[in-house]
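Examining the three-dimensional arrangement
The lines below spell out each chain.
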Amino acid sequence: QIFQFYNNAFSGYSELSKRLTSFKNALSRIEEEYLGNDQHDAYELLGIITSIIDQEFERVYGETSDEFEYTYHPPHNSLLMSPRYEYCGSRCQTPIKELFEVTLLNQITCLQCNKVSISFEDTLNISLPIPRHSNARTLNESFKIFTKQETISDFTCKACGPGMTSVKTSRFWKLPEILIIHLKR
């Protein structure tokens, strides 16, 4: 009975093993880091596969625009998320981008002249820190840390030059249908 159980439990294993080996070999032809037998995170694999599919759609159906960036001087006490700051994103909307693409709005303010620089960043996932010094280790706390204002000590301001101190804030501009979150160790 043990022999019969073993045969039933692993009867399809040989075929599955062949398919997984074939997939790994195909992937290693595209991504050299998958040559050999090193262990990789599932998160990294998902990122590589979605990136490959996205690049293939772009190659077949059109090109994407470069990173969109501009600078402005906001009026005093203005709301950053005003509709007048529009961002169109990539020209080529692939199924991967429609499902997974997050657009971040990054604001850097020079503390010398108060000039504000705005840039948009498209990504297919978000890496969130895990709160270390809190009893409430929730996803909400991780998002608060991610969007927390940070000081940059060696910033090059277009008006003041290099070596300036600035503050950077990141906000979500566009959320996807499916948000992929990676929790940093």
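Residues numbered from 1 in each chain as written. Predicted model: local features only at pLDDT ≥ 70, side-chain atom pairs only at ≥ 80, totals over all residues. Heavy atoms only, no water.

1. What about the packing of aromatic side chains?
- Evaluated as defined, the whole model comprises 3 aromatic pairs.
- Taking the centre distance of 5.1 Å and the plane angle of 75° together, the rings of Phe-120 and Trp-173 count as edge-to-face. Of this pair, Phe-120 sits in strand β3 (residues 116-123) while Trp-173 sits in strand β6 (residues 161-174), and the two are 53 residues apart along the sequence.
- On the accessibility criterion, Phe-120 (1% relative accessible area) is buried.
- Look at Trp-173 and you get partly exposed, because its relative accessible area is 26%.
- Centre to centre, the rings of Phe-143 and Phe-172 are 5.7 Å apart; their planes meet at 70°, and the pair counts as edge-to-face. You can see Phe-143 sitting in helix α5 (residues 139-146) and its partner Phe-172 sitting in strand β6, a full 29 residues away along the chain.
- Linked through ring pairs, Phe-143, Phe-146 and Phe-172 together constitute an aromatic cluster. (Phe/Tyr/Trp six-rings, centres within 6.5 Å; stacked < 30°, edge-to-face > 60°. Helix = DSSP H or I, 4+ residues; strand = E, 2+ residues; numbered from the N terminus. Buried < 20%, exposed > 50% of the residue type's maximum accessible area, 1.4 Å probe, protein only.)

2. What to know about the pattern of salt bridges
- Summed over all chains, the structure comprises 5 salt bridges.
- A salt bridge links Arg-59 to Glu-56, with the shortest nitrogen-to-oxygen separation between them at 2.3 Å. Of this pair, Arg-59 and Glu-56 both sit in helix α3 (residues 42-61), 3 residues apart, which is roughly one turn of that helix.
- Classification of Glu-56 by relative accessible area gives partly exposed; the value is 39%.
- Note that Lys-97 is salt-bridged to Glu-58, the shortest N-O span being 2.3 Å. Of this pair, Lys-97 sits in helix α4 (residues 95-100) while Glu-58 is found in helix α3, placing the two residues 39 residues apart along the sequence.
- Here Lys-97 falls in the buried class, since its relative accessible area comes to 5%.
- Classification of Glu-58 by relative accessible area gives buried; the value is 18%. (Salt bridge = Lys/Arg side-chain N within 4 Å of Asp/Glu carboxyl O.)

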